[in-house]
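Tertiary structure, described
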There are 2 protein chains.
Amino acid sequence: MRNLKLTVEYDGKRYLGWQRLGDSEKTIQGKIEKVIQQLTGETIEIIGSGRTDAGAHAKGQVANFKTTSTLSEDEFLTLFNRYLPDDIVVKEVVEVPERFHARYNAKGKQYSYYVWNDVVPTAFERYHSFQVVEPLDLAKMEAACEKLVGTHDFLGFSALKKSKKSTERRIDEITITQEGSMLHFTFVGNGFLYKMVRILMGTLIEIGAGRLPLAVIDQVLANKIRSEAGETAPAQGLFLDEVYY
Amino acid sequence: MRNLKLTVEYDGKRYLGWQRLGDSEKTIQGKIEKVIQQLTGETIEIIGSGRTDAGAHAKGQVANFKTTSTLSEDEFLTLFNRYLPDDIVVKEVVEVPERFHARYNAKGKQYSYYVWNDVVPTAFERYHSFQVVEPLDLAKMEAACEKLVGTHDFLGFSALKKSKKSTERRIDEITITQEGSMLHFTFVGNGFLYKMVRILMGTLIEIGAGRLPLAVIDQVLANKIRSEAGETAPAQGLFLDEVYY
């Protein structure tokens, strides 16, 4: 058995997210598994580094699968991109040791979130960013980011109900860069809870717009009450950039 | 009568181009005129700086129209973006002197063309660039650009049949910049003939790929024979960036 690692880019607009549901037609995992079946005759479950939400995007999702196929890495790369829909691109196929597991071995991830901060909309980035018309105070948002960096229990910034597993995560870095009306946020950490980046973003936006005080960060990190954080920012602004191993 | 100048951005993928055809549903001009009619009750023809091809895009198309409406510039801006489809954005509305004419007064234009130069496709820029899988020799393409700059009869690089009007145009600058797999070409000049940028791009690509010699530029500028230049590059990579007045 060979173990193949894929790096996958996708425009998530048309999809219900990464993870295959009963009907395989509307998920990225389902689309890739269908092509693998066409190419190899094998019915294989591919393992992603984690789920991505309906409508969210990826520039560097990682997955692996085991196959007896003798197709080369380059042949797989070419055939994936020939048969996948044009909003899903396999960027790299590499054979890895049998023990490699895209989810268990992931040591960290980088996500991006794009905010179009202008009263005038954007024709080109309309499905890849979230428009906020109110002026945002970047200095306040940066101060909020500083409070988030470090190891904390992020349960209050997630869509999880109480969890038996640990909800402690480490955020290594959050950056904000501006190019014209586009604000680009990046989040690097050892792992992110369900909807955590979108809820952090929704909270940062409400702090930047002056609708929530900076102190809400410390408060929710301490009391873990989801309803005291900001709204969940829409999935269309979210990108999984990279998975670290 | 007030004369209003619009700056318009559009993702041309769904449209038959700028210019209204019999059926107004599939052109950018038609969409804007329909909204003006809704807002003012007036049936008005708007004047664009020039046509753009079916499937081509704009970041800064300019148009003007005359109206008796008393709506303010800001009200027009807000209402355009409320009622236009989300792939057409009015970026600016300014009242201008009555004599301003978006086409006759245009002194020059800037176009961009994006080439995705990689065997692996792009999920995000797939409708806003043209994929070329062969390696391209940038130095050769830059040498070709140098030959194009200046005042020449560009008839051989256009889709015009013989023309009564002058087909002489001045190209002031062509730049090529690279970011990862994306090549970004800009063309600045006092005017461009029908399909001229796309035919220049098709020719530059064939020179870069080694399928046409550098000398084809001088040859077609001299003999004006369209069939000796390169193919017409697809409209999906073309953007009208700016119109100069």
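Residues numbered from 1 in each chain as written. Chains lettered and ligands numbered in written order. Predicted model: local features only at pLDDT ≥ 70, side-chain atom pairs only at ≥ 80, totals over all residues. Heavy atoms only, no water.

- Going by what an unreviewed UniProt entry lists, chain A is known as tRNA pseudouridine synthase A and is assigned to Enterococcus asini ATCC 700915.
- Under the UniProt heading Subunit (unreviewed entry), the entry covering chain A gives this text: "Homodimer."
- The Catalytic activity (unreviewed entry) field of the UniProt record for chain A holds the comment "uridine(38/39/40) in tRNA = pseudouridine(38/39/40) in tRNA". (UniProt positions renumbered as here; feature names shortened; annotations may be inferred.)

**Observations regarding the relation of the copies chain B and chain A**
- Mapping chain B onto chain A calls for a screw motion: a turn of 180° about the axis and a shift of 0.0 Å along it, with 0.0 Å RMSD after fitting. On this basis, the relationship between the two copies can be described by a two-fold rotation axis.
- Comparing interface residues between copies, 100% of those in chain B also sit at the interface in chain A, which points to an isologous, same-surface contact. (Least-squares fit on C-alpha atoms with pLDDT ≥ 70 in both. Contact = heavy atoms within 4.5 Å.)

**Side note on the interface of chain B and chain A**
- Each partner contributes to the interface: chain B provides 22 residues, whereas chain A provides 22 residues.
- For the pairing of chain B and chain A, the buried interface totals around 1600 Å² over both sides, and the portion due to carbon and sulfur atoms is 66%.
- Counting the contacts that link chain B with chain A gives four salt bridges.
- For the salt bridge of arginine 126 of chain A with aspartate 11 of chain B, the shortest nitrogen-to-oxygen distance reads 3.3 Å.
- On the surface where chain B and chain A come into contact, there are eight residue pairs in polar contact (both at pLDDT 80 or more). (Buried area = accessible area lost by both parts, 1.4 Å probe. Salt bridge = Lys/Arg side-chain N within 4 Å of Asp/Glu carboxyl O. Polar contact = N/O pair within 3.5 Å; in protein donor to acceptor, adjacent residues only side chain to side chain.)

**Side note on the UniProt feature "binding site: substrate" (unreviewed entry) in chain A**
All names here are of chain A.
- Look at the UniProt record and you will see "binding site: substrate" (unreviewed entry) annotated at Tyr111.
- Mapping tyrosine 111 onto the fold places it in strand E5 (residues 108-116).
- Overall, tyrosine 111 belongs to the buried group, its relative accessible area being 10%.
- Every residue in contact with tyrosine 111, bar those within four places of it in the chain, is listed here: Phe185, Thr186, Phe187, Phe192, Val197, Leu238, Phe239, Leu240 and Asp241. (Helix = DSSP H or I, 4+ residues; strand = E, 2+ residues; numbered from the N terminus. Buried < 20%, exposed > 50% of the residue type's maximum accessible area, 1.4 Å probe, protein only.)

**Some remarks on the domain arrangement of chain A**
Residues and elements named next belong to chain A.
- Domain annotation for chain A reports domain 1 (2-96) and domain 2 (108-244).
- The gap between the C-alpha centroids of domain 1 and domain 2 is 28 Å.
- Listed by partner, the interface residues are 15 residues for domain 1 and 15 residues for domain 2.
- Roughly 1200 Å² is buried in total at the junction of domain 1 and domain 2, and carbon and sulfur atoms are behind 57% of that figure.
- Together, Asp53, His57 and Lys59 form the three largest contributors to the area buried by domain 1 at its contact with domain 2, with a combined 46%.
- Summed over the shared surface of domain 1 and domain 2, the number is one salt bridge.
- Notably, a salt bridge pairs aspartate 53 with arginine 198, separated by 2.7 Å at the nearest N-O pair.
- Inspection of the region where domain 1 meets domain 2 yields 10 residue pairs in polar contact (both at pLDDT 80 or more).
- Looking at the side of domain 1 that touches domain 2 residue by residue, the class counts come to four nonpolar, seven polar and four charged. (Domains from an automatic or database assignment. Nonpolar A, V, L, I, M, F, W, Y, C, P; charged D, E, K, R; others polar.)

**Description of the packing of aromatic side chains**
- Throughout the structure, instances matching the rule amount to 16 aromatic pairs over all chains.
- Cluster of aromatic residues (ring-pair linked, three or more members): Phe65, Phe76 and Phe80 of chain A.
- Against the face of tyrosine 127 of chain B rests lysine 13 of chain B, its NZ or CZ located 4.3 Å from the ring centre.
- The ring of phenylalanine 124 of chain A has lysine 59 of chain B lying over it, and the distance from NZ or CZ to the ring centre is 5.6 Å. (Phe/Tyr/Trp six-rings, centres within 6.5 Å; stacked < 30°, edge-to-face > 60°. Lys NZ or Arg CZ within 6 Å of the ring centre and 35° of its normal.)

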